[in-house]
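Structure at a glance
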Amino acid sequence: MNKEQQWWWPLALEEELGGQPLAVTLLNQRLVLWRDAQGQAVLMNDQCPHRGARLSLGQVHGNAIECPYHGWRFDPQGACVSIPALPGFTPPAGHKACRHPVMEQHGLIWGAVGDAAFAPPALPELPERRLIYGPFDVATSAPRAVENFLDTAHFAYVHRGWLGEVGHPEVPHYEVTHTPDGRPVIEAYKAWQPRATASATEGGWVTYRYEVLSPYSALLSKQPDDGGPQDSYTIWARPDTDESCRLWFAQYTSDASSTDEQLRDFQVTIFSQDQPVLESQAPKRLPLSGGEVHSAADRLSAAYRRYLQQTGVSFGVC
C-alpha cells in the first residue's frame, strides 16, 4: 500500500457539497462527492463501472447517484440499484462503483483512498471564531505550499510592509522540537511586523508558534507582544497532482473588532503575495535530498523535509 493511502486528505468545504455531485481530484485520481438522502457525504471513484463515464456529470436522485451515460444508479455503498435499460433485472454484486471512506471535520470534507491508518489532524483548543479562506488552486506541489507556510525568512521580501520589512530581515535563532510522533514544532519565534493582523494600526513584535500537523498540513499561532488579538491559522493542502494542489486556510481568531470581510481581505492579500513566488519555484516537486542549499534560517523547513522522509509520503516530492 502506498503511504499516501494511509492518510485522510481534505477534499472540499462542507458547504460546497449540496444536492448535486462534486468532482474532485486527489493524488491523480478522479473522485466524486455527493450527499445521500440523509445528507451524509459519499466518496466514490468518478467512473461508472459500466462504460467509464464520469459520475460527477450525472445527478443525485434520493439515495443514489445516476450515471449520465446510461442512467445506472448506485447507492451510498456503491451497489448498483437500477439499470433503466433492463427494468426487471437485479444487478449482481459485481456491478459496483468503487467507494472510499469519507468524513467531515474542521469545516471540510475529508477522504481516504485506502485503509487510512492516520485520522485527520487534531487541533488544540483555539479561539471560537473561525473563518475558512479558499479554495486556492496553486500550480505547485502540496509540500512546496506547506513549506512556504512554515518559512519565516521570506516575510521581509514577499510580505514587505505587511508581515515584514527589509529593515528587519534577520531570522533569530530558534529551536525545533518534535511531538512524540515526530512532527516538527517551534514553540516561540519572534518577528517584527509592520501589520501583523487585520486590526493592527502600527508595527510591533509578534510571537509565533508553529506545528506540523500532518504531511500536508500545519498550524501557526501568533500573539502580538502588545496584547492584541490572538490568531491561529491552519493550512489544509489537497495534493491533486505531483505539481498542483488546492489549499484552504482556516483562521481562528479572538479579533472582535474586524469584520469577516476585513479578515478575509487581509488573508487573501497575504496569499496573493505568496502564490506567484510559489508557482515560480523549480522544481515544483519539493526536493528532499540534494538539489537545493540551506542555511541556519531554514531549520524548520529542513525538519519538515526530514519528517516527510520519515512518513514515507512521496507524492509531490523528489
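You'll find the structure just up there.
Here we summarise the structure given alongside this text. (Residues numbered from 1 in each chain as written. Predicted model: local features only at pLDDT ≥ 70, side-chain atom pairs only at ≥ 80, totals over all residues. Heavy atoms only, no water.)

Quick look at the overall build of the chain
Scanning the chain from terminus to terminus reveals four helices and 18 strands. Computed over its C-alpha atoms, the radius of gyration of the chain comes to 22 Å, within 12% of the 20 Å expected for a compact globule of 318 residues. Dimensions along the principal axes, computed over C-alpha positions, put the chain at roughly 75 × 45 × 35 Å. Split into buried and exposed, the 318 residues of the chain put 51% on the buried side. The positive charge centre, built from 25 side chains, and the negative charge centre, built from 36, are 6 Å apart in the chain. (Helix = DSSP H or I, 4+ residues; strand = E, 2+ residues; numbered from the N terminus. Rg over C-alpha atoms; globule rule 2.2 N^0.38 Å. Buried < 20%, exposed > 50% of the residue type's maximum accessible area, 1.4 Å probe, protein only. Lys, Arg positive; Asp, Glu negative; His and termini not counted. Charge placed at Lys NZ, Arg CZ, Asp CG, Glu CD.)

With respect to the sheet that holds strand 5 (residues 59–61)
Spatially, 5-6-7-8 is the arrangement adopted by the four strands of the open sheet, whose pairing is antiparallel. In this open sheet, the two strands that pair with only one neighbour each are strand 5 and strand 8 (80–82). In this structure, strand 6 (residues 64–66) lies alongside strand 7 (residues 73–74), joined through two bridges in antiparallel fashion. Each bridged residue has a counterpart across the sheet, and for isoleucine 65 the counterpart in strand 7 is phenylalanine 74. (Pairing = 2+ DSSP bridges.)

A closer look at the environment of glutamate 187
With respect to the helices and strands, glutamate 187 occurs in strand 14 (residues 184–193). Placed 71 residues apart in sequence, glutamate 187 and serine 258 show a C-alpha to C-alpha distance of 27 Å. Sequence-distant contacts of glutamate 187, defined by excluding residues within four places in its chain, comprise Thr177, Tyr208 and Arg209. Reaching out from glutamate 187, the side chain makes a polar contact with the side chain of arginine 209 at a distance of 3.0 Å. (Contact = heavy atoms within 4.5 Å. Polar contact = N/O pair within 3.5 Å; in protein donor to acceptor, adjacent residues only side chain to side chain.)

Let's talk about the packing of aromatic side chains
What the rule picks out here adds up to eleven aromatic pairs. One aromatic cluster in this structure is built from Phe136, Phe149, Phe249 and Phe271. Directly above the aromatic system of tyrosine 174 lies the positively charged group of arginine 299, at a separation of 5.4 Å from the ring centroid. (Phe/Tyr/Trp six-rings, centres within 6.5 Å; stacked < 30°, edge-to-face > 60°. Lys NZ or Arg CZ within 6 Å of the ring centre and 35° of its normal.)

Here we look at the sheet that holds strand 10 (residues 102–105)
Here three strands make up an open sheet; going across it, the order is 1-11-10 and the pairing antiparallel. Strands with a single pairing partner mark the edges of an open sheet, and in this sheet they are strand 1 (9–13) and strand 10. Along the sheet, successive strands turn relative to each other by an average axial angle of 35 degrees, direction set aside. Of the strand pairs in this sheet, strand 10 and strand 11 (residues 108–111) are connected by four bridges, and their pairing is antiparallel. The partner of methionine 103 across the bridge, within strand 11, is tryptophan 110. (Axes fitted to C-alpha atoms, helices over the stretch in contact; angles between N-to-C directions.)

Considering the pairing of strand 16 (residues 217–224)
Successive residues of a regular strand alternate their side chains across the two faces of the sheet. With respect to burial, strand 16 is a largely interior element, seven of its eight residues being buried. Pairing geometry for strand 15 (residues 204–214) and strand 16, over eight bridges, is antiparallel. Note on strand 16: the bridge partner recorded for tyrosine 208 is lysine 222. Between strand 15 and the antiparallel strand that follows it, strand 16, lie two residues. Strand direction decides the pairing type here: strand 16 and strand 17 (residues 231–241), joined by six bridges, are antiparallel. Across the sheet, the residue bridging to alanine 218 is isoleucine 235, located in strand 17.

A look at the state of the cysteines
Scanning all chains against the criterion turns up zero disulfides. Free of any disulfide, cysteine 245 has its nearest cysteine sulfur in cysteine 318, 15 Å distant. Of the residues examined, cysteine 245 reaches a relative accessible area of 2% and is grouped as buried. (Disulfide = S-S within 2.5 Å.)

Let's talk about the pattern of salt bridges
All chains considered together, the criterion is met by 14 salt bridges. Across the pair arginine 35 and glutamate 104 runs a salt bridge whose closest N-O atoms are separated by 2.7 Å. Placement of arginine 35 in strand 3 (residues 29–35) and of glutamate 104 in strand 10 is noted, with a sequence separation of 69 residues between them. Across the pair glutamate 66 and arginine 73 runs a salt bridge whose closest N-O atoms are separated by 3.1 Å. (Salt bridge = Lys/Arg side-chain N within 4 Å of Asp/Glu carboxyl O.)

Overview of the nonpolar core
Formed by 58 residues in total, the largest nonpolar core has its most connected members in Leu150, Tyr216, Leu247 and Tyr304. The contacts of leucine 150, once residues within four sequence positions are left out, are Tyr210, Val212, Ala218, Leu300 and Tyr304. Val32, Val42, Val60 and Cys67 belong to the second largest nonpolar core, which has 15 residues in total. (Core = buried A, V, L, I, M, F, W, Y, C linked by side-chain atoms within 4.5 Å.)

Description of helix 4 (residues 299–311)
In a regular helix each residue adds 1.5 Å, so 13 residues correspond to 18 Å; helix 4 covers 18 Å between its end C-alpha atoms and thus fits that length. Residues Leu300, Ser301, Ala302, Ala303, Tyr304, Arg305, Tyr307, Leu308 and Thr311 constitute the buried set of helix 4. Each element contacted by the buried residues of helix 4 is listed here: helix 1 (142–150), strand 13 (177–178), strand 14 and strand 15. Trailing helix 4 by a residue or two, glycine 312 shows a phi angle of about 80 degrees, which is positive. (Expected span 1.5 Å × (residues − 1).)

Nothing here speaks to function; it is geometry throughout.
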